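Structural features, examined
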Amino acid sequence: MDTFNYMRAFRRIVELGSLAKAAEDLDVSSAGLSKQLRALEAHLGAVLIQRTTRKMSLTDTGAAYYAECCRLLDAVSYTHLRAHETRGN
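Let us look at the structure shown here.

The rules behind these values
Residues numbered from 1 in each chain as written. Predicted model: local features only at pLDDT ≥ 70, side-chain atom pairs only at ≥ 80, totals over all residues. Heavy atoms only, no water. Phe/Tyr/Trp six-rings, centres within 6.5 Å; stacked < 30°, edge-to-face > 60°. Helix = DSSP H or I, 4+ residues; strand = E, 2+ residues; numbered from the N terminus. Buried < 20%, exposed > 50% of the residue type's maximum accessible area, 1.4 Å probe, protein only. Salt bridge = Lys/Arg side-chain N within 4 Å of Asp/Glu carboxyl O.

1. Regarding the packing of aromatic side chains
- On inspection of all chains with the given rule, the structure shows one aromatic pair.
- On the numbers, 5.5 Å between centres and 55 degrees between planes, the contact of phenylalanine 10 with tyrosine 65 is tilted. Taken together, the residues phenylalanine 10 in helix H1 (residues 3–16) and tyrosine 65 in helix H4 (residues 60–86) connect sequence positions 55 residues apart. Tyrosine 65 shares its class with phenylalanine 10; the two are buried.

2. Regarding the pattern of salt bridges
- Per the counting criterion, the structure on display carries seven salt bridges.
- One salt bridge connects arginine 12 with glutamate 15, and the closest N-O pair in it is separated by 2.7 Å. Residue arginine 12 and its partner glutamate 15 are both found in helix H1; the two are separated by three residues, about one turn of the helix.
- The class of arginine 12 is partly exposed, set by a relative accessible area of 23%.
- Of the charged contacts, one joins glutamate 41 and arginine 51 as a salt bridge, the two residues approaching to 2.8 Å between their closest N and O atoms. Linking glutamate 41 in helix H3 (residues 30–44) with arginine 51 in strand S1 (residues 49–51), this pair joins segments that are ten residues apart in sequence.
- Three or more residues joined by partner-sharing salt bridges are found here, namely Arg11, Arg12, Glu15, Asp25 and Asp74.

So this is what it looks like as structure tokens:
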């Protein structure tokens, strides 16, 4: 399981509020993204997003996981940016 990419995908699902919109944004199929979300939930042993045919909503666990995903992914992005800025010095 590629945890880092699954975290990124989860973040986009939450931010865009839709599996279909996130799939389009990430250039993957909706079915493939749904499968990633199910795999992530199975790996964590927790439901992150309650889904029906009409709407989705974060569970309490999903909200906490989302906050941590954002923190970690932003830290990684910042680290890459800083490394890029300081290379060659």
